[in-house]
Amino acid sequence: MISRPLQPHWPASGRHVTVRGIPVRASRSWIVIAVVLAAVSIDLLAADGLRQFRLYALGTLIAVGAIASIVVHDLAHDLIARRRGARVHAIVLSSFGALTDDAYPPENPADDAHVAIAGPVASGTVALALGAVWWAVPDRSFAANLFGPLALINGALAVLTLLPGYPMDGGRILRAFLWYVSGDLISGTKAVALYGQAIGFGIVLAGLLILALGGAWSVAAAWLLFAYWSISQMAREGFARTLIREGGRQVTAADAGLTSSRRVAADRTIDAALDEILQSISSGPLLVQRDGEVVGLVSLQEIQRVPRIQWDTYTVGDVASALDGVPRAGHDAALVDILDLVDSSGGQVALITAGERIVGAVDRKLVHARIREHLRPPRFDARRRDSL
């Protein structure tokens, strides 16, 4: 069992703007590219009567409106998620409305499908409302130049995110169906990831063909290629994390052989124990024991804080880190729960226990390695053994 409540993982990276308690995230590189594209787009597409201040004002309002459109799209996801007892953990602007597995980890097919469809429905509704305003205002007016692009942006969000490839909302809906039919989230994710690659190839091809047309069409092509690049980055990260998390649900610490970590005596000098410490690098944290009882943890980081000249006088127990505050998980805990435990604690290590005894210690790198071993196809393992 786990000794601390678990929270879904999202790496902390400083302070962020929040909406309804949800952090809004975007990388600096994405923001720079989006701003440059927006400036070029406005300059090429603005009506002849719009210049200077009005042009800058229009560009600013459209940029703000586009960001707000993505936020509304993701808030619709969050609204349905909360009604079903969960929540969206981040609004990722660079995903262009696609609901990544990092932002909303899949729990069951029904919830995944309902939460995924909410975003396109919201964007489609907003597009219709803005389109009605666009139709009602005079042509070539400031309002027409504002509401027209915003209606198109929301319409594009609704249509593009419904494409049936990972990580688009349509891909999550299709995955939910495959997951429901097969009972296997991993195979469903792999299937929609393949569809996503095929759709991505089509998007790139279409973008290049449209780009060749030049003029105003080149603006649409540039945004299409930028969106594909941005979403594909999120797709790779989310796909890998989903496989790790789902694979980690199927394996316990005991199954993965994490209940017999290497140990070193606390009274040994650093010089005498150095070989053992170096050998433990690939096998996770090293337990320090005194009189048969685990009293601490030691790693190369602790050793490197001691001047080399003193390694023959300092003992391992002198430099070992204390166990106070280190989270603990039972030997029967799933590996994904141990990952969540490490993340929620803000540390790097978790202890594995059997009853009251400490029998192992793990870090994220070791847990990930054991999950990947579990996910590796048996035929690959056989080929690797035959090659040895």
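With that out of the way, let us pick up the nonpolar core. In this structure, Leu258, Leu335, Ile338, Ile352, Val362 and Val367 are the most contacted members of the largest nonpolar core, which totals 19 residues. Within the residue set of this core, elements represented by two or more residues are helix H11 (335-345), strand S8 (349-354), strand S9 (357-363) and helix H12 (364-375). The element best represented in this core is H11, accounting for five residues. Residues contacting Val362, with those up to four places away along its chain left out, are Leu258, Pro285, Ile338, Gln348, Val349, Ala350, Ile352 and Val367. With 17 residues, the next largest nonpolar core counts Trp30, Leu93, Phe226 and Ala227 among its residues.

The geometry of helix H3 (residues 109-136) relative to helix H5 (residues 169-182) is characterised by a closest axis approach of 8 Å and an angle of 160 degrees between their N-to-C directions. When the axis of H3 is compared with that of H5, the two are roughly antiparallel. For the pair H3 and H5, the crossing hand works out as left-handed. Here Pro109, Asp112, Ala113, Ala116, Ile117, Gly119 and Pro120 of H3 lie close against H5, whose contacting residues are Asp169, Arg172, Ile173, Arg175, Ala176, Trp179 and Tyr180. The residue makeup of the contact of H3 with H5, split by class, is nine nonpolar, one polar and four charged.

This paragraph deals with the confidence of the model for the chain. Overall, the prediction assigns the chain a mean pLDDT of 79, with 85% of residues at 70 or greater. Here helix H13 (residues 378-387) stands out as the element of the chain with the lowest mean pLDDT, 45, in contrast to H3, whose mean of 93 is the highest. Confidence over residues 1-15 falls short of pLDDT 50; this stretch has 35 contacts with residues more than four positions distant or in other chains. Below pLDDT 50 for its whole length, residues 379-388 participates in two contacts with residues either more than four positions away or in separate chains.

For the rest of this paragraph, the subject is the sheet that holds strand S5 (residues 286-290). Here we have three strands laid out as an open sheet, ordered S4-S5-S6, and mixed in their pairing. With one partner strand each, in any of the chains shown, strand S4 (263-265) and strand S6 (293-298) form the two edges of the open sheet. Looking at each pair of strands side by side, their axes are set apart by 40 degrees on average, direction ignored.

A few words now on a nonpolar patch on the surface. Together, Ile33, Tyr228 and Trp229 line one region of the surface with nonpolar side chains, adding up to about 250 Å² of accessible area. Its location among the elements puts Tyr228 in helix H7 (residues 216-249).

So, on to the packing of H5 against helix H6 (residues 185-213). The interhelical angle for the contact between H5 and H6, taken along N-to-C directions, is 145 degrees, at an axis separation of 8 Å. As H5 runs across H6, the sense of the crossing is right-handed. Listed contacts from H6 to Gly171, Leu174, Arg175, Leu178, Trp179 and Ser182 of H5 are Leu185, Ser187, Gly188, Thr189, Ala191, Val192 and Tyr195. A per-class count over the contact of H5 with H6 returns seven nonpolar, five polar and one charged.

Here the focus is unusual backbone geometry. Backbone geometry at Asp291 places phi at a positive 55 degrees, although glycine is not the residue there. Position of Asp291 among the secondary structure elements: in the loop between S5 and S6.

What follows deals with the sheet that holds strand S7 (residues 328-330). Pairing within the open sheet is mixed, and its three strands lie in the order S7-S8-S9. Lying at the two open borders of the sheet, with one neighbouring strand each, are S7 and S9. Adjacent strand axes in the sheet meet at a mean angle of 35 degrees, parallel and antiparallel pairs treated alike. Relative to S9, S8 is paired through six bridges, and the arrangement is antiparallel. Looking at S9, one finds that Ala354 is bridged to Arg357. Sitting on the sheet, H11 touches S7, S8 and S9, and the angle it makes with S8 is about 130 degrees.

Procedures and definitions
Residues numbered from 1 in each chain as written. Predicted model: local features only at pLDDT ≥ 70, side-chain atom pairs only at ≥ 80, totals over all residues. Heavy atoms only, no water. Core = buried A, V, L, I, M, F, W, Y, C linked by side-chain atoms within 4.5 Å. Buried < 20%, exposed > 50% of the residue type's maximum accessible area, 1.4 Å probe, protein only. Helix = DSSP H or I, 4+ residues; strand = E, 2+ residues; numbered from the N terminus. Contact = heavy atoms within 4.5 Å. Axes fitted to C-alpha atoms, helices over the stretch in contact; angles between N-to-C directions. Parallel < 35°, antiparallel > 145°, perpendicular 65-115°, else oblique. Left-handed = near helix turned anticlockwise from the far one by under 90°. Nonpolar A, V, L, I, M, F, W, Y, C, P; charged D, E, K, R; others polar. pLDDT = per-residue confidence, 0-100. Pairing = 2+ DSSP bridges. Patch = residues over 30% accessible without salt bridge, like charges linked within 9 Å, V, L, I, M, F, W, Y side chains within 5 Å. Areas by Shrake-Rupley, 256 points an atom, 1.4 Å probe, with all protein chains shown as cover. Salt bridge = Lys/Arg side-chain N within 4 Å of Asp/Glu carboxyl O.

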